[in-house]
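Chain by chain, the residues:
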Amino acid sequence: MGNRAIAIIGGSGLTRLEGLDIVRREVVHTPYGEPSGPVTHGLLHGREVVFLARHGYGHTIPPHRVNYRANIWALKSLGVEEVVAVNSVGGISEGLEPGTLAIPDQIVDYTWGRAHTFFDGDGAPVTHIEFTYPYCETLRRRLVEAARAAGVPFRERGTYAATQGPRLETAAEIERLARDGCDMVGMTGMPEAALARELELCYACCAVVVNRAAGRGPGDGRIAMEEIERWLEEGMARVRRLLQELLAGS
Ligand code: HPA
């Protein structure tokens, strides 16, 4: 194991991979337009990795404007086989406190109006991907093992609710997501995961809880933006530890 080309898609708080020895940056053009930025090739803990900042290196692209198709296509065109997606989330279910890493195993997609498929007609045969289990289980297991080895607080499964954003949710919307069985909520998990499956990439998510979801936190349940900032920083430090274990062990 371990020689499959791996990419990391960084979300909020991870526009740069600290510790990455950058070898080169590559501008990739795709039939679907431009990715969020040049792809960075480098060495992380001695292992070759490809890095892409989902929101752009200056964090300027909001969740609904990310060109998910171009990002996934670009990685595939570079020969990437495995993708670790890092996404910040709000914690819905009990125990998903800020600072916890969660490796989801399911998704409910509430996004709309995003370019969400490569199979878009134009004479091509209609294609339906199999998506019962939206994440690549082998990579998911390795993320879980890496989280354990890193000694960070983590949850080994859960359902990720993908919302449209860029606004945060109402308390009633979070109640509804909870009734739907969702454990965490974020804005960027879809269509990315489905596009990765369409291109047969092995894709898994490392979600970082940066706040309690709307109505679930202390007091009146409002979300404090300063809290998010603080936990983004601490959470991403934990993600870096997880990645170190992942790359050492694979
Ligand atoms: N909701 C949606 N997306 C998020 C949240 C949230 O509470 N926190 C971080 N990303």
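Attention in this report is confined to the structure presented alongside it. Throughout, residues of each chain are indexed from 1 in the direction in which the sequence is written. Reporting in this predicted model follows two pLDDT cut-offs: at least 70 for local features of residues, and 80 or more for side-chain atom pairs to be given and counted; totals over whole chains, interfaces and linings ignore these cut-offs and use all residues. Computation of side-chain values: all heavy atoms of the structure, hydrogens and water removed.

### A closer look at the side chain of Arg 54
So, point 1. Helix and strand labels come from DSSP, where a helix needs a run of H or I of at least four residues and a strand needs a run of E of at least two; each type is numbered from the N terminus. Mapping Arg 54 onto the fold places it in the loop between β4 (47-53) and α1 (68-77).
So, point 2. Look at Arg 54 and you get buried, because its relative accessible area is 0%.
So, point 3. Polar contacts here mean pairs of N or O atoms no more than 3.5 Å apart (in protein, one a potential hydrogen donor and the other a potential acceptor; neighbouring residues in sequence count only if both atoms are side-chain atoms). Among the polar contacts made by the side chain of Arg 54, one reaches the side chain of Glu 192 at a distance of 2.8 Å. Note on exposure labels: buried denotes an accessible area under 20% of the residue type's maximum, exposed denotes more than 50%, and partly exposed covers the range between, all computed with a 1.4 Å probe on protein chains only.

### Here we look at the site of the ligand
So, point 1. If even one non-hydrogen atom of a residue comes within 4 Å of a molecule or strand, that residue is called near it. Taken together, Ser 88, Val 89, Gly 90, Leu 168, Glu 169, Val 185, Gly 186, Met 187, Val 210 and Asn 211 make up all the residues around the ligand.
So, point 2. The separation between a nitrogen atom of the ligand and a polar main-chain atom of Ser 88 is 3.4 Å.
So, point 3. Separating a nitrogen atom of the ligand from a side-chain N or O atom of Glu 169 is a distance of 2.7 Å.
So, point 4. All accessible-area figures derive from a Shrake-Rupley calculation using a 1.4 Å probe, and residue coverage is judged against the displayed protein chains alone. Taking 260 Å² as the accessible area of the ligand by itself, protein coverage stands at 94%.
So, point 5. Looking at the shell around the ligand, the elements that each hand over two or more residues are β5 (82-91), β10 (184-186) and β11 (202-212).
So, point 6. At three residues, β5 tops the list of elements feeding residues into the shell around the ligand.
So, point 7. For the shell around the ligand, the per-class residue count stands at five nonpolar, four polar and one charged. Polarity classes work like this: nonpolar for Ala, Val, Leu, Ile, Met, Phe, Trp, Tyr, Cys and Pro, charged for Asp, Glu, Lys and Arg, and polar for all others, with Gly in that last group.

### Some remarks on the pairing of strand β3 (residues 39-44)
The two faces of a sheet get side chains in turn, since along a regular strand they alternate between them.
So, point 1. Counting buried residues along β3, five of its six residues qualify, which places the element largely inside the surrounding structure.
So, point 2. When strand β2 (residues 21-26) meets β3, the two strands line up antiparallel, connected through five bridges. When the bridges of β3 are listed, Arg 25 appears paired with Thr 40.
So, point 3. Paired strands, as defined in this entry, are two strands with at least two bridges between them according to DSSP. Of the strand pairs in this sheet, β3 and β4 are connected by five bridges, and their pairing is antiparallel. Paired with Thr 40 across the strands is Phe 51, a residue of β4.
So, point 4. Hairpin connection from β3 to β4: two residues lie between these consecutive antiparallel strands, with His 45 at a positive phi of about 50 degrees.

### Here we look at the state of the cysteines
So, point 1. Two cysteine sulfurs form what is called a disulfide whenever their separation falls within 2.5 Å. As enumerated under the stated definition, the model contains one disulfide in all.
So, point 2. Sulfur-sulfur distance for the disulfide between Cys 136 and Cys 202 comes to 2.1 Å. On the sign convention where negative is left-handed, the bridge of Cys 136 and Cys 202, at about -80 degrees about the S-S bond, is left-handed. Separated by 66 residues along the polypeptide, Cys 136 in the loop between β7 (106-109) and α2 (137-150) and Cys 202 in strand β11 bring together distant segments of the chain. There is no split in this pair, since Cys 136 and Cys 202 are both buried.
So, point 3. A disulfide-free cysteine, Cys 182 has its sulfur positioned 13 Å from the sulfur of Cys 205, the nearest such atom.
So, point 4. In this structure Cys 182 comes out as buried when scored by relative accessible area, which is 3%.
So, point 5. Cysteine Cys 205 is unpaired, with the sulfur of Cys 206 as its nearest cysteine sulfur at 6.8 Å.
So, point 6. On the accessibility criterion, Cys 205 (1% relative accessible area) is buried.

### Observations concerning unusual backbone geometry
So, point 1. Put simply, Gly 165 and Pro 166 share a cis peptide bond, and its omega is -5 degrees.
So, point 2. Inspection of the secondary structure assignment puts Pro 166 in the loop between β9 (159-162) and α3 (171-179).
So, point 3. Pro 191 follows Met 190 through a cis peptide bond whose omega is 10 degrees.
So, point 4. Its place among the elements puts Pro 191 in the loop between β10 and α4 (192-198).
So, point 5. Look at His 45: it is not a glycine, yet its phi comes out positive at around 50 degrees.
So, point 6. By the secondary structure assignment, His 45 is in the loop between β3 and β4.
So, point 7. Take His 45: its relative accessible area is 40%, and that puts it in the partly exposed class.
So, point 8. With a phi angle near 60 degrees, Glu 200 is a residue other than glycine that sits in the positive phi range.
So, point 9. Position of Glu 200 among the secondary structure elements: in the loop between α4 and β11.
So, point 10. The class for Glu 200 is exposed, based on a relative accessible area of 70%.

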